[in-house]
Amino acid sequence: MFKNGRVEIIANDQGNRITPSYVAFTADGERLVFKLVDKNSKPHVQVETSQGEKTFAAKEISAMVLVKMKETAEAFLGKKVTHAVVTVPAYFSSVQETPIFEVKTSTRG
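Anyway, here's the lowdown on the structure attached to this text.

Reading the values: rules and limits
- Residues numbered from 1 in each chain as written.
- Predicted model: local features only at pLDDT ≥ 70, side-chain atom pairs only at ≥ 80, totals over all residues.
- Heavy atoms only, no water.
- Helix = DSSP H or I, 4+ residues; strand = E, 2+ residues; numbered from the N terminus.
- Buried < 20%, exposed > 50% of the residue type's maximum accessible area, 1.4 Å probe, protein only.
- Contact = heavy atoms within 4.5 Å.
- Areas by Shrake-Rupley, 256 points an atom, 1.4 Å probe, with all protein chains shown as cover.
- Pairing = 2+ DSSP bridges.

Turning our eyes to something else, we now look at the overall build of the chain. Scanning the chain from terminus to terminus reveals 2 helices and 5 strands. Seen in sequence order, the chain has helices and strands lined up from the N terminus as β-β-β-β-β-α-α. The buried share among the 109 residues of the chain stands at 19%. If you take every contact in the chain between residues at least 6 apart in sequence, the share linking residues at least 24 apart comes to 37%. For the chain, the exposed area adds up to about 8700 Å²; of that, 54% sits on carbon and sulfur atoms.

Before going further, it helps to spend a moment on the pairing of strand S4 (residues 42-49). Sheet topology note: the strand S3 (residues 34-39)/S4 ladder contains 6 bridges and is antiparallel. Each residue of the ladder has a partner; that of Lys35, found in S4, is Gln46. Taking the residues between adjacent antiparallel strands as the criterion, S3 and S4 are bridged by 2 residues, where Asn40 takes a positive phi near 55 degrees. As paired strands, S4 and strand S5 (residues 52-57) are joined by 6 bridges and run antiparallel to one another. Its bridge partner being in S5, Glu48 is matched across the sheet by Glu53. Counted along the chain from S4 to the antiparallel partner S5, the turn is 2 residues long.

In structure tokens form, the structure reads like this:
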């Protein structure tokens, strides 16, 4: 968050100031097993859940991460977050950046 003229990194729900960019799907602490599949000529992650097999696009996984980060910020601030800056590494290509920007727009609200 931006406070007193500078950026302050908010700790996540585990007390860490760095949040990994991944989502794990586990049942009763079991190790995650997933596979990459092709769906509509794009890579997707396929996982077995207690509700059956599910397939997610990369931008769906990214949306889950961003929603969690928004919830963490709102819990810390005690109010709704309406604006955020989302960055990607400089070495990302436009192909890698585009889904992040699509997610950023779709997670508003």
